[in-house]
Structures are given as structure tokens and as C-alpha cells.
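# Secondary and tertiary structure notes
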Amino acid sequence: MARVLVVDDDAAIREAVAVALVAAGHHVARAGSAGEARQRVSEGRFDVVVADIYMPGESGVELLAELRQHPSPPHVILMTARGTVETAAAAARIGAFDYVAKPFDLKDLLRKVAAASAATGFAPGPGPEGGPQSMIVGSHPAIVEVYKAIARVAPLPVPVLILGETGTGKELVARALHRFGAHPDGPFVAVNCAAIPDTLLESELFGHVRGAFTDARRDRVGALAAADGGTVFLDEVGEVSQRFQAKLLRFLEDGVVRPVGADAGRPVSTRVVAATNRDLAALAAAGGFRRDVYFRLAGYEIRLPTLRERLSDLPSLVDHFRLKASADLGLPPPPPASPEVLAVFSSHPWPGNVRELSQVVRRLIIDTASLADAHAARALLAPPAADAPPPPPLPPTADQTLEEVERQQIQRVLGACGGNRSEAARRLGIDRKTLARKLQRLGIDLEEVGGGR
């Protein structure tokens, strides 16, 4: 049995954890702060420390960093009710044995303590990294597992495949993998594979040389080369054709970029992170996606939970989007959401997941300047119309430029949405700001496609 120190400023949690550990046969000491824990450690050796992260004064992460300097450091399991990917990454880099979110299952914690007491030769990693506040929000155990997965795989030179429904935050996870990876200062280049016709996708990713095809008037650097020394994010990779998959496989195998029309390629150091809302393993098994490409992309898989699976995170997510929308709109933030609005939100199935919640919160602030009107919130959650896919792109002609094809597809989608920019952006797989930039760059007149909502 292990000698365990339980550190938490909440006496009720501290006592509940201690009683469970004692019942399991462990020898347990208690501390209400990092300072008291330090004193306990100076008085005797512990095998495992179970510590809250957020405590008055020093945090559990700071305590962990100090304990790792001891000649025979204990294994540390961190607890928190306010998890973030930054916290998980910092904990993993310093050398935390594990990380649990409150409220947690005591049986699960007992299993982690048993594993920690049995572990040997655990080597701490480098110190924590600062940075801006995470855009991934929540402390539900399912999202905490995502934080831990990001912290584990981000520093490793392997491709990562992110799986999840539309709107679950796949690009946010990709950006977190880049930020906590080995080359966070390198470029991050995102490509939405579903929004680019297959005939142009090769040029988009690999680039082309002058004269490679009609209208190729100059050399063009593709996304894979542009992301050299950083990360390329291939969103909706499950939509690409098997013809293109063969070209992608060659790059995944040799790391060499060969522009269209070039006689030779050049090696690049680009990490590939891909994402899809489809079951790529099942698709590969059925022959709809190449198995060899799937296995290359899935060097490590991260599955994102739906919002339906983590409804306990609704209050923190709503509050996050309340502050973000207010800042984006240049408005003073309204008071936090009323219990009535939260109750309405909790009863909604959220087919669009976190992205849908963000849009609803923003719309509610625009419409009512508050998050208190349950009737207005309910009106925004009316069952959506059948989710029609984007209109298929027209086959490009040989003399069309990428810009012309992109303009044509955006105009078609906007027309199908009646000019609703939010819906058009969703169907195109981009955010509204990106769509606005494209509209300006391509000179698209919303009046010609049905409005401008």
C-alpha cells in the first residue's frame, strides 16, 4: 500500500478522498495548501501526492514543479474543476503522473493512485509553457481526456487524426497540437479539403510551377511547403478522392513535396494533422478510403466528444462565448446567463455542437443585449431544416483559375442559403470571418446571391 498525501483547500473534498484512500488500505496524510504540503513532505516521504490545481497562494502545478526537484520525488496526480489544455500540457511537461477533473469517480481515482504507487522510473518533462487563454473550454472528463491526449502527442513527430462531429472544435485541437508541439513558432496552415474541387486540390497542397497547366503564369507554393517547419491542418480529409489520396500517401511516406509540373521535389519538415467528421476506419474497411492512407494519417487519433456528451460544460462554455461575442462585437458584456436560459440550452440536442452554441449565444446578445430571456433563447433553438449538403462544385474548365472556381462555389452555396453568411460559412466548412474576407477579396456582391445576413 502507498503513502499518499492529499492536498486540497476544500476540506470536504480533501476528507472524502482521504477516507476512500484509507478504506483502500493506503496510509494517508492531509494538507490544506501547497505550503502545508511542503511541510508534510519535509517531514516524511510519500509515494503519491494527490493535489488540487487551483488553491489560494501556490497552485498544484507550482507544487508539482517543486516536488519534481526532490531526489526521490513522489508521483503526482492533479485534480481540478477548471481544466484547460494549457493545464494538462503544463502538468504533463513537468511530470504529473495523471490528471483528473472534478467531480470524479473515487474508484477511478483509486485506480490511478494504485497505478502511480506501482510505477517506477517515471521521468519528468520540461517546465510549463505560458501563452494565451485556451479556446478549448470545459472540465467534463471527456474533454479532459482530450487535453491529456494533446499534451501526450503534441511534442511527438507523428501525424494526428482528429475525429468528431461538425462543430466539436477540431481546428482548435489542431491549433493546440501546433502550439504545444516541438515547433510552435513555425507556420500553421489550414486547408479545408471539402471546399476545394479535387482537380485543384493537388495544386493547393503541393503547389505548381509556371506553365504546368493553363493559366499557371507563375510558380505557386502549396500548403505543404508553406507549412515547412510547422503544421498543415487538413480539415475534412475524408472527402478527398482516392486519386488524390495516392498523391497524399506518397508525401506521407517520403516527406517530399513535388509541385504540379515540376521535374523534382524537395523535402519539407511539415507535421500533418488531419480531421474528419466521418468514421474513417469504417470508410476504409468498406473501401471508401484507402487503408494505407488512413493508417498513415492516424499515427495517433483524438476523438472529440459531442456537446450532448458533456452538457455539464454548458455554463462555462456559455460564459466563454458571452465574453468572446461581446469583445468581437465591441459591446459591454451582459451579465452571465440566467438559470432559465441555461435550462433551455440544457434541453437542446445541439446537432451543431459547440459551434452552434457559439452562434446562438452571439445571436442572443445581438437580439436582446442579454442572456436572460428564455423565450428568445428557445426561439433560436427551433428545430433546423433538413441539413442540406453544399451544392456540388461545377466541374472546372481547363482555363479557369483557382480564384474563379472558388468564387463560383461560394456564390452557389450563398445562393442555396438565401445569402445567409453564417449558414454558408458552415456549409463551406469555414468561419464567418474567413468567408467575409473571401467575399471582399473575390468581389462577390451579396445582393446578387440573395441578401446578406
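A quick note: this is a predicted structure, and the numbers were derived from the prediction, not measured.

## Description of the packing of helix 4 (residues 85-94) against helix 6 (residues 141-153)
The interhelical angle for the contact between helix 4 and helix 6, taken along N-to-C directions, is 45°, at an axis separation of 8 Å. Judged by the inter-axis angle, helix 4 sits oblique to helix 6. Seen from above, helix 4 lies across helix 6 with right-handed handedness. For the pair formed by helix 4 and helix 6, the contact residues are Val85, Ala88, Ala89 and Ala92 on the first element and Tyr147, Lys148, Ile150 and Ala151 on the second. The residue inventory of the contact of helix 4 with helix 6, partitioned by class, reads seven nonpolar, no polar and one charged.

## Quick look at the sheet that holds strand 13 (residues 271-276)
Ordered in space as 7-10-13-6-14, the five strands form an open sheet in which the pairing is parallel. A strand with exactly one partner marks an edge of an open sheet, and here the two such strands are strand 7 (188-192) and strand 14 (301-303). The mean angle between the axes of side-by-side strands here comes to 20°, regardless of whether they run parallel or antiparallel. Strand direction decides the pairing type here: strand 7 and strand 10 (residues 231-235), joined by five bridges, are parallel. For Phe188, the partnering residue across the bridge sits in strand 10 and is Thr231. Most of the contacts of helix 6 go to strand 14, to which it runs at about 165°, and overall it touches strand 6 (160-163), strand 13 and strand 14.

## Description of unusual backbone geometry
Even without a glycine there, the phi angle at Asn353 is positive, about 60°. Inspection of the secondary structure puts Asn353 in helix 15 (residues 353-368). Residue classification places Asn353 among the buried residues on the basis of a relative accessible area of 0%. Here the phi dihedral of Ala369 falls at roughly 60°; this positive angle occurs in a residue that is not glycine. With respect to the helices, strands and loops of the structure, Ala369 is situated in the loop between helix 15 and helix 16 (374-380). For Ala369, a relative accessible area of 56% translates into the label exposed.

## Here we look at the packing of helix 8 (residues 198-206) against helix 10 (residues 242-254)
Direction vectors running N to C along helix 8 and helix 10 enclose 15°, while the axes themselves pass 10 Å from each other. By the angle between their axes, helix 8 is roughly parallel relative to helix 10. Helix 8 and helix 10 meet at a crossing whose hand is right-handed. Judged by residue contacts, Asp198, Leu201, Glu202, Leu205 and Phe206 of helix 8 engage Arg243, Phe244, Lys247, Leu248 and Phe251 from helix 10. Across the contact of helix 8 with helix 10, the residue classes break down as six nonpolar, no polar and four charged.

## Looking at the confidence of the model for the protein
For the protein, mean pLDDT is 82; residues scoring 70 or higher make up 86% of the total. Confidence over residues 120-133 falls short of pLDDT 50; this stretch has 28 contacts with residues more than four positions distant or in other chains. Contacts from residues 384-388, a stretch scored under 50 in pLDDT, to residues over four places away or in other chains number three contacts.

Here is what the cut-offs are and how they apply
Residues numbered from 1 in each chain as written. Predicted model: local features only at pLDDT ≥ 70, side-chain atom pairs only at ≥ 80, totals over all residues. Heavy atoms only, no water. Axes fitted to C-alpha atoms, helices over the stretch in contact; angles between N-to-C directions. Helix = DSSP H or I, 4+ residues; strand = E, 2+ residues; numbered from the N terminus. Parallel < 35°, antiparallel > 145°, perpendicular 65-115°, else oblique. Left-handed = near helix turned anticlockwise from the far one by under 90°. Contact = heavy atoms within 4.5 Å. Nonpolar A, V, L, I, M, F, W, Y, C, P; charged D, E, K, R; others polar. Pairing = 2+ DSSP bridges. Buried < 20%, exposed > 50% of the residue type's maximum accessible area, 1.4 Å probe, protein only. pLDDT = per-residue confidence, 0-100.

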